[in-house]
Every structure is written in structure tokens, then in C-alpha cells.
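Below, each chain spelled out in residue letters.
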Amino acid sequence: MVGAKEVLLAEPRGFCAGVDRAIEIVERALAKFGAPIYVRHEIVHNTFVVNDLKDKGAIFIEELSEVPPGATLVFSAHGVSKAVQQEAERRGFNIFDATCPLVTKVHVEVAKLAKEGYEFLMIGHKGHPEVEGTMGQLSEGIHLVEDEADVLKVQPRQTEKLAVVTQTTLSVDDAAGIMAAIKARFPLVRQPKQQDICYATQNRQDAVKVLAPQADVVIVVGSPTSSNSNRLRELAARLGTPAYMVDNAGELQEEWFANAARVGLTAGASAPEVLVDEVIARIKQLGAVAVRKMDGIEETIKFPLPKGLKIDAATGLEIEVRKSPETGH
């Protein structure tokens with residue numbers, strides 16, 4: 001490294017409220033019911049988090065046939081389709097739903113508008129579990145568009161009642177471009193009352209927009225499967241700064257920092273702060289002498305736990321959780 005040898009730390013970064021809640025649901029289920037606890041799909045898309053929970057007794061599965069009768073099952077933060085939900089109930093599992101409440105909000109909107117006769121365009125990435133979960137809220141009438149070219153090809157049965165929903169972890173700028181193409185082709189389309197892209201995704205992208213122009217290289221801590229982490233790396237690169245995504249400090253390559261006086265550092269919403277600390281320590285070994293936290297939005301939002309896992313700190317007893325009218329959780 002050359003020059004000032006400084007690490008610029010994005011704010012906010014790392015865990016969001018939905019990820020915090022999902023991990024806590026698995027940990028509390030383990031504490032209450034004992035190992036093993038079965039989790040459908042990775043609880044969040046982070047290798048460190050998943051391996052840590054495996055060590056504590058969580059078993060991650062993709063097919064419900066892998067779960068023995070009477071077992072405790074947790075749905076991941078990405079949400080599940082109606083078919084998966086119904087099959088799990090039919091099999092009689094003890095179910096806890098760790099779907100992020102902001103994803104649940106999209107599911108609720110789809111169900112409500114479908115009853116009113118709407119068809120849907122969903123902006124998202126094919127194969128992502130959140131997309132599969134949201135599209136699986138309906139048996140028909142929901143069409144995936146991944147880019148502006150898809151908008152020109154999609155053929156809804158009718159256009160009088162057409163609504164848009166989006167994956168919550170998209171690039172804000174990419175989604176805006178696709179939305180503009182949708183409005184150009186379908187002028188009557190109904191947009192979400194509030195943007196579906198979640199506050200944490202928006203905040204982390206906004207922070208990178210401030211960070212990247214001030215850095216010679218940007219490092220994003222996140223796993224390859226993490227949609228929001230990939231979008232952070234792409235955004236930094238689009239802003240003209242070389243950018244790399246790493247699962248952990250061991251993946252850092254010395255040559256990335258050869259001509260870097262300032263290293264920008266951020267983390268996706270499913271990446272724990274311990275990994276950021278390890279990356280900082282490694283960059284210091286490579287010559288950084290200072291770490292400066294940038295100004296940014298302070299996130300204070302917390303989501304309640306499901307009924308049956310909420311504990312009163314004073315008594316240690318379970319307490320009832322009232323459902324939120326906004327999220328249904």
C-alpha cells in the first residue's frame with residue numbers, strides 16, 4: 001500500500017434487522033428444543049453464519065423429505081412458496097418462520113392484489129430463493145423480469161390490472177431502469193406503495209456511493225450467494241473503483257492493495273462484523289495504519305421474534321408476541 005494507508009469503513013454495513021432476527025430464531029429454537037433444528041435453505045446467505053449454526057446443531061436442507069416427522073423446522077429469511085408452507089404443515093413439523101418481515105410484506109401485497117384480479121411482474125433474479133418464494137405465493141399470473149429486455153418479451157394475459165413487485169435485495173439503480181421500461185410498455189401498471197427494495201439494501205448502496213469515489217479500491221465482505229453483497233461490489237465497480245468481494249480475510253490478495261492509499265470497506269447485510277474485523281486486521285498487516293468510519297445512517301429498526309421464542313429478560317419466561325399490523329409478524 002502507498003500514501004496515507006487508510007481504511008475507510010462504510011456506515012451502515014453488515015447485519016440488518018431481518019438477518020439478526022433470522023439467526024436469533026435458529027439460536028433460540030436450538031436453546032429451547034435442542035439439536036437438531038432443521039432449516040430450509042441457508043438461513044441467510046453467509047458461509048460463516050451457516051457453519052457457525054451447523055456447529056451448534058442446525059441442519060440445513062433443501063427438500064422437506066429430509067426432515068424427520070415431528071422435527072422443528074425453520075424457514076429461511078428469504079421466505080418460501082405456498083406449496084412449501086402447506087407441505088410443511090401437512091407433515092406436522094413444529095414450524096418457525098424466519099422470513100424477513102419486509103419479504104413477508106411483499107407476499108401479503110401479492111395475495112391482496114391477486115384477490116382483486118391483478119397479474120404481476122416481479123423484478124428479480126431467477127433461481128434466488130426469495131424470488132421463488134414470492135412467485136410461489138401464486139399458482140399463475142406472476143411473471144419474472146430480470147432486465148429491460150425481459151420487459152419487452154413478457155406477455156401478461158391482460159394489462160388493465162398489472163402490478164409490480166421486486167426482490168428486496170436488488171440494485172436500486174438497476175431496478176429503477178427496469179421499472180422505467182415497464183412503465184413505458186405498460187402505462188397503467190401499479191407500482192408498490194412503498195419501494196419493495198429494503199431499507200438496509202438501500203442504505204448500504206447509498207453508503208457505497210459515498211465511499212467508492214474516495215477509495216482506490218473497495219472490498220465488500222460477503223458470500224458469493226449473497227445478492228445484496230454482489231450488488232455492492234457491482235455498484236463500486238460501476239462508479240469506477242476497482243472492487244472485490246471476499247467471504248473472509250483469507251481471500252484478500254496482496255496485489256489488490258499495491259497502489260492503494262485508501263481502501264474502502266463494507267459488508268453485505270448477511271455478513272457479521274467479526275469478518276469485517278478480520279479483514280481490517282489483514283489489511284493492517286499489508287500496511288494500513290489508520291481506520292476511519294465514515295458518516296452514515298444509523299439503523300435502529302428491530303423486528304419481533306415469532307410467538308414461542310420471545311423471552312422476557314427479567315423473568316426468563318416466554319412472552320406472547322402481538323402481531324404487527326404492518327408485517328403480520
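Refer to the preceding data block for the structure.
Attention in this report is confined to the structure presented alongside it. Per chain, the residues get numbers from 1 upward, laid out in the order the sequence is written. Under the rules for a predicted model, residues below a pLDDT of 70 receive no local features and side-chain atom pairs below 80 are neither given nor counted, while totals for whole chains, interfaces and linings still include all residues. Only hydrogens and water are removed before side-chain values are computed, so all heavy atoms of the structure are retained for them.

**Remarks on a negative patch on the surface**
So, point 1. Residues Glu62, Glu63, Glu66 and Glu132 make up a contiguous surface patch of negative charge.
So, point 2. Structurally, glutamate 132 can be placed in helix H5 (residues 129-135).
So, point 3. Any residue under 20% of the maximum accessible area for its type is buried, any over 50% is exposed, and the rest in between are partly exposed; the area is computed with a 1.4 Å probe on protein chains only. Classification of glutamate 132 by relative accessible area gives partly exposed; the value is 47%. To count toward a patch, a residue needs a relative accessible area above 30% and no salt bridge. Like charges then connect within 9 Å, nonpolar side chains (Val, Leu, Ile, Met, Phe, Trp, Tyr) within 5 Å. The Shrake-Rupley method, run with a 1.4 Å probe sphere, supplies the accessible areas, and residue values consider only the shown protein chains as cover. Any Lys or Arg side-chain nitrogen found within 4 Å of a carboxyl oxygen on Asp or Glu counts as a salt bridge. Counting rule applied: Lys, Arg positive; Asp, Glu negative; His and chain ends not counted. The atoms used to mark charge sites are NZ of Lys, CZ of Arg, CG of Asp and CD of Glu. What counts as a helix is a DSSP run of H or I of at least four residues, what counts as a strand is a run of E of at least two, and both are numbered from the N terminus.

**Remarks on the pairing of strand E8 (residues 162-166)**
So, point 1. Taken across its five residues, E8 has five buried, putting it largely inside the fold.
So, point 2. Taking every second residue as pointing to the same face, both faces of E8 are buried, with Leu162, Val164 and Thr166 on one and Ala163 and Val165 on the other.
So, point 3. Two strands are said to pair when DSSP picks up at least two bridges between them. Both strand E6 (residues 119-123) and E8 contribute to a ladder of five bridges, which runs parallel. Bridging from a neighbouring strand, phenylalanine 120 pairs with alanine 163 of E8.

**Section: the pattern of salt bridges**
So, point 1. In this structure the tally under the stated criterion is 18 salt bridges.
So, point 2. Glutamate 109 serves as the salt-bridge partner of arginine 190, at 3.8 Å between the closest nitrogen and oxygen. One end of the pair, arginine 190, is in the loop between helix H7 (172-185) and helix H8 (199-211); the other, glutamate 109, is in helix H4 (residues 101-115), and 81 residues separate them in sequence.
So, point 3. Shared partners join several salt bridges into a network, and the residues in it are Glu6, Arg262 and Arg292.

**Let's talk about the packing of aromatic side chains**
So, point 1. Stacked, edge-to-face and tilted are the three classes for Phe, Tyr and Trp ring pairs, Trp counted by its six-membered ring, which pair at centre distances within 6.5 Å; planes under 30 degrees apart are stacked, over 60 edge-to-face, the rest tilted. Applying the stated rule across the entire model yields three aromatic pairs.
So, point 2. A centroid spacing of 5.8 Å and a plane angle of 40° characterise the contact between phenylalanine 33 and phenylalanine 96, whose relative ring orientation is tilted. Pair noted here: phenylalanine 33 is in helix H1 (residues 17-33) and phenylalanine 96 is in strand E5 (residues 94-97), with a separation of 63 residues, a long-range link.
So, point 3. Residue classification places phenylalanine 96 among the buried residues on the basis of a relative accessible area of 7%.
So, point 4. Ring centres of tyrosine 244 and tryptophan 256 lie 4.0 Å apart, and the angle between their planes is 5°; on these two criteria the pair is classed as stacked. A residue pair is termed long-range when its members are at least 10 positions apart, and tyrosine 244 in strand E10 (residues 243-246) and tryptophan 256 in the loop between E10 and strand E11 (262-267) qualify at twelve residues.
So, point 5. When its relative accessible area of 27% is taken as the criterion, tyrosine 244 is described as partly exposed.
So, point 6. Each member of the aromatic cluster is reached from another via a ring pair, and the members are Tyr244, Trp256 and Phe257.

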